[in-house]
Amino acid sequence: MSVTPLTPDTPVTPVPTSDLYDEHGEGLAICTTPFRQFGGRRLFAGPVRTVTCHEDNALLRELVNTPGGGAVLVVDGGGSLRTALTGDLIAGAAQRNDWAGLIINGAVRDSAALGGLDLGIKALGTVPRKSGKTGAGTVDEPVEIGDVTFHPGDTVHADDDGTVILRTS
């Protein structure tokens, strides 16, 4: 599958999630999944891009090797902790290609190296096992994680307090 790069019109300035809640209240979509922070950028935001890939990171790798334009890639790995969807090589490609962050409903590896990257990275946990490489999955389809649906084009903000979504419509 070929992926299309996204170039947003203007970069998104990250805002602490607590401040966004104070401003928007229950109108703000709050992800209830207890993600852990792994990247060196602890406050990040951007337009949502999505990829669904269960225990297979070939499509994810292809996507982060395109210009990110400050977007946040929301990865639905089905919550699997059996294999890592991202490690230092994929996250390094995301940083080089101007992605603001990765939010992974699954596992990562190389966690010490991830902490040294200027990239937001949230995931459920870690595991040393590599994932499959078949390329199975979908790109830019809505994904439901933690009681909310992430729609491509919405704006996500993430920090140590949580992950929230501002809808475009």
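Remember, predicted model here, so these are calculated numbers, not experimental data.

A.B. asks: Give me the lowdown on the pattern of salt bridges, citing residues and values where you can.
C.D. replies: One pass over the full model with this rule turns up 6 salt bridges. As a salt-bridge pair, Arg 49 and Asp 140 come within 2.7 Å of each other at their nearest N and O atoms. Taken together, the residues span a long stretch of sequence, with Arg 49 in strand S3 (residues 44-52) and Asp 140 in the loop between strand S7 (138-139) and strand S8 (143-145) at a distance of 91 residues. For Arg 167, the salt bridge goes to Asp 154, with nearest N and O atoms at 2.6 Å.

A.B. asks: Give a description of the pairing of S3 that names residues and reports values.
C.D. replies: When a strand is regular, its side chains alternate between the sheet's two faces. Burial analysis of S3 places 8 of its 9 residues in the buried class, which makes it a mostly covered element. The sheet contact formed by S3 and strand S10 (residues 155-159) spans 4 bridges and is antiparallel. In the strand pairing of S10, Ala 45 is matched with His 157. Note that S3 and strand S4 (residues 72-86) share 5 bridges and pair parallel. By the bridge assignment for S4, Thr 50 is matched with Val 74. Judged from the 2 bridges that link them, S3 and S7 form a sheet pairing that is antiparallel. In the strand pairing of S7, Val 51 is matched with Val 139.

Definitions and limits used
Residues numbered from 1 in each chain as written. Predicted model: local features only at pLDDT ≥ 70, side-chain atom pairs only at ≥ 80, totals over all residues. Heavy atoms only, no water. Salt bridge = Lys/Arg side-chain N within 4 Å of Asp/Glu carboxyl O. Helix = DSSP H or I, 4+ residues; strand = E, 2+ residues; numbered from the N terminus. Buried < 20%, exposed > 50% of the residue type's maximum accessible area, 1.4 Å probe, protein only. Pairing = 2+ DSSP bridges.

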